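Observations on chain architecture
Chain residues, written in single-letter form:
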Amino acid sequence: MVLHHSLRAHALASHRQNVLGTSSTSTHSASSVESRAPDVAKKNVSETRPLLSVLMPSFNSAPHLAEAIESVLNQTWSNLELIVVDDGSTDESAAVFERQDDSRLNVLQQPRQLGASAARNRAFRASRGEWVIFLDSDDWIPPAHLQALHAAASGSSLSIGMSQWDRFYKSRSEAHFPLRRTYRDAGGTEWLREDWSSGPGQAGPGMFLIPRALIEQSGGWDERLSLLDDFEFHARILSISDGVRYAPDARLYVRSGLAGSLSTQKGRAFAESACLSLLLGVAHVLAIDESPNMRLASANRLRRFDFDFYPAFRDLRAKIRQRVGELGGSNLRPEGPPGFELLRPIVGWRVARHAQLFAERWGFNHSARNVNHKTRANGSLMKASNQDWYS
């Protein structure tokens, strides 16, 4: 237990340093688009509504970037700033930015690709809003999204507004927004316990409108993380908040299935990021709530890593299983496509998983591969969103 508290303390110190602006990325000059950014405060001097900051990391997102940007600029809540940090894109993103003609848009250029967490931290340091939302550069929000989130959260200075969410692959009409058990007001750790216990978890940063004070208190995004960076960040922020306030009229459309997304990255570095994010996130929450129910929910959330990455990365999975044991064990059952579910009770989940992977590798089971992709994506560990680092 001492090890996990030490890990958490070191992480919190690092996060506060990131958000206070000591990172080297803050010293680099921005692009010509950035230099044209207006004084948003002067433009909105007559506004009575607080300024909302929408912060967007982007890398090679040109095919969907304009759609994401315009969904922000078309919000009914007009007193906003949109800060996009381009993280060294090599596609047509620059042309997309040049076509935008709205003084509320500010584009910053990273000197080289540093990852989505570093891009989000830089955007936060450049922002001025009383409320902040992080939106991926291929997701989409309807016009009333920000207004609904603020209406839900504004009753408390440290509450977080939360939207509905659903995935789409080609057309937004594919998103149907099924009701979820987490769609309710709840305390921060209470909401996380429900989210970790109810299958498909949180799906994207664009769900949450966060008071600036909370981020300044707890620190920014952990720049060591790539895969699953939002798990650690949200666990840390929500656990010290005054709770989640549900906004039923706010909806986040999460684009999934893109080539090059994090869900397709299965290398060692990505697995290490997911493992560290899970261990840190669980440590943040258990420092606030170490009840038996929270320990079980944490163990179940950790155990999903073992199921998702099996049979690769034996050492990381062993580390996760050790922590699960320290928490008292897990009652989570592995999930998979129909063939996996048929075999699991007969031969066990490990043999069933090997059979599933063999069928997918040799193209015998295309439909199972699609089902498994969606199953793992819905589990949030292998979230299919945005390009490369940006989900």
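**A short note on the overall build of the protein chain**
A count of helical and extended segments in the protein chain gives 16 helices and seven strands. In the protein chain, which comprises 391 residues, the proportion classed as buried is 58%. For the protein chain, contacts bridging at least 24 residues in sequence account for 79% of all contacts bridging at least 6.

**Quick look at the sheet that holds strand E4 (residues 131-134)**
The strand order across the open sheet built from seven strands is E3-E2-E1-E4-E6-E5-E7, with neighbouring strands paired in mixed fashion. In the strand order of this sheet, the two ends are held by strand E3 (105-109) and strand E7 (244-255), each with one partner. If you compare each strand with its neighbour and ignore which way they point, the axes differ by 25° on average. Relative to E7, strand E5 (residues 160-168) runs parallel, the two sharing eight bridges. By the bridge assignment for E7, Gly-161 is matched with Arg-245.

**Remarks on helix H15 (residues 349-361)**
For H15, spanning 13 residues, the distance from its first C-alpha to its last is 18 Å, which sits close to the expected 18 Å at 1.5 Å a residue. Inspection of H15 places Trp-349, Ala-352, Arg-353, Gln-356, Leu-357, Ala-359 and Glu-360 among the buried residues, and these make up the whole buried set. Down the axis of H15, the buried side of the element spans an arc of 160°, and every buried residue falls inside it. Where H15 ends, the next residue or the one after it, Gly-363, has phi of about 75°, a positive value.

**Section: the confidence of the model for the protein chain**
Mean pLDDT over the protein chain stands at 85; residues scoring 70 or higher make up 78%. Per-residue pLDDT stays below 50 along residues 22-46; that stretch engages in 40 contacts with residues further than four places along the chain or on separate chains. Contacts of residues 371-391 to residues separated by more than four positions or lying in other chains number 108 contacts, the stretch itself having pLDDT below 50.

**Notes on helix H12 (residues 292-309)**
In this model H12 runs 27 Å from its N-terminal to its C-terminal C-alpha over 18 residues, within 8% of the 26 Å that 1.5 Å per residue would give. A large share of H12 lies buried, amounting to 15 of its 18 residues.

**A word on the pattern of salt bridges**
Taken as a whole and judged by the stated rule, the model has 21 salt bridges. The salt bridge involving Glu-290 is made with Arg-295; its shortest N-O contact spans 3.0 Å. Given the relative accessible area of 18%, Arg-295 is considered buried. Of the charged contacts, one joins Asp-306 and Arg-303 as a salt bridge, the two residues approaching to 3.2 Å between their closest N and O atoms.

**Some details on the packing of aromatic side chains**
Applying the stated criterion across every chain, the model contains 14 aromatic pairs. With centroids separated by 5.9 Å and ring planes inclined at 70°, the aromatic side chains of Phe-309 and Phe-313 adopt a geometry described as edge-to-face. The same class applies to Phe-309 as to Phe-313, namely buried. An aromatic cluster of at least three residues, connected via ring pairs, comprises Trp-140, Phe-168, Phe-177 and Tyr-253. Sitting over the face of the ring of Trp-165, Arg-180 holds its NZ or CZ atom 3.8 Å from the ring centroid.

**A word on the pairing of strand E2 (residues 80-86)**
Most of E2 is tucked away, with seven of its seven residues classed as buried. Residues of E2 alternate between two faces, with Leu-80, Leu-82, Val-84 and Asp-86 on one and Glu-81, Ile-83 and Val-85 on the opposite face, all of them buried. In terms of strand pairing, strand E1 (residues 52-58) meets E2 through seven bridges, oriented parallel. Within the sheet, the bridge partner assigned to Leu-52 lies in E2 and is Leu-80. Between E1 and its parallel partner E2, the chain crosses via helix H4 (residues 62-73), and the hand of that crossover is right-handed.

**Regarding the nonpolar core**
Ranked by size, the top nonpolar core spans 83 residues in total, and within it Met-56, Leu-82 and Trp-196 carry the most contacts. Among the elements that make up this core, the one with the highest residue count is helix H11 (residues 268-286) (nine residues). Those residues in contact with Leu-82 that lie beyond four places of it in its chain are Val-54, Met-56, Ile-69, Val-72, Leu-73, Arg-104, Leu-105 and Asn-106.

**Remarks on the packing of H11 against H12**
Contact pair H11 / H12: the axes reach a minimum separation of 10 Å and the direction vectors enclose 175°. Classified by the interaxial angle, the pair formed by H11 and H12 is roughly antiparallel. Taken together, the residues of H12 that come into contact with H11 (itself represented by Ala-271, Ala-274, Cys-275, Leu-278, Leu-279, Val-282, Val-285 and Leu-286) are Met-294, Arg-295, Ser-298, Arg-301, Leu-302, Phe-305 and Phe-309. When its residues are assigned to classes, the contact of H11 with H12 shows 12 nonpolar, one polar and two charged.

**A short note on the pairing of E3**
Remember that side chains alternate between the two faces of the sheet whenever the strand is regular. Counting buried residues in E3 gives four out of five residues, a clear majority hidden from the surface. Across five bridges, the pairing between E2 and E3 is parallel. Note that in E3 the partner of Ile-83 across the bridge is Asn-106. The handedness of the E2 to E3 crossover, carried by helix H5 (residues 93-99), is right-handed.

**Topic: unusual backbone geometry**
Along the chain, Tyr-310 connects to Pro-311 via a cis peptide bond; the corresponding omega equals 5°. With respect to the helices and strands, the residue Pro-311 is situated in the loop between H12 and helix H13 (314-326). For Phe-177, which is not glycine, the phi torsion reads 50° and is therefore positive. Position of Phe-177 relative to the elements: it lies in the loop between E5 and helix H8 (188-197). A positive phi angle, near 70°, is found at Leu-228, a position not held by glycine. Take Leu-228: its relative accessible area is 4%, and that puts it in the buried class.

Calculation criteria
In every chain, residue numbers begin from 1 and rise along the written sequence. Thresholds applied to this predicted model are a pLDDT of at least 70 for local features of residues and 80 or more for the giving and counting of side-chain atom pairs; totals over whole chains, interfaces and linings are not thresholded and use all residues. Side-chain calculation: all heavy atoms of the structure are included, whereas hydrogens and water are not. In DSSP terms, a helix is any run of H or I states spanning at least four residues, a strand is any run of E spanning at least two, and both are numbered starting from the N terminus. Buried means the residue's accessible area, taken with a 1.4 Å probe over protein chains only, is under 20% of the maximum for its type, while exposed means over 50%, and partly exposed covers the values in between. Two residues qualify as a contact provided that any one of their heavy atoms is within 4.5 Å of a heavy atom in the partner residue. Pairing between two strands requires that DSSP report at least two bridges joining them. Each axis is a line fitted through C-alpha atoms, taken for helices only over the stretch in contact, and angles between the N-to-C directions span 0 to 180 degrees. Each residue after the first adds 1.5 Å to the expected span of a helix. What the arc measures is the spread of directions leading from the helix axis to the C-beta atoms. For every residue, the pLDDT score states the predictor's confidence, bounded by 0 at the bottom and 100 at the top. Any carboxyl oxygen of Asp or Glu that lies within 4 Å of a side-chain nitrogen of Lys or Arg is treated as forming a salt bridge with it. What counts as a ring pair is set by centres within 6.5 Å for rings of Phe, Tyr and Trp (its six-membered ring), and what kind of pair is set by the plane angle: stacked under 30 degrees, edge-to-face over 60, tilted for all other angles. Comment: the charge-over-ring label is applied if NZ (Lys) or CZ (Arg) is within 6 Å of the ring centre and within 35 degrees of the ring normal. Crossovers are marked right-handed if the path from the first strand over the helix to the second runs clockwise, as seen with the strands pointing away from the viewer. What is meant by a nonpolar core is a set of buried Ala, Val, Leu, Ile, Met, Phe, Trp, Tyr and Cys residues, joined one to another through side-chain atoms within 4.5 Å. Oblique is the label for any angle not covered by the other classes, which are roughly parallel (under 35 degrees), roughly antiparallel (over 145) and roughly perpendicular (65 to 115). Under the scheme applied here, ten amino acids are nonpolar (Ala, Val, Leu, Ile, Met, Phe, Trp, Tyr, Cys and Pro), four are charged (Asp, Glu, Lys and Arg), and all others, including Gly, are polar.

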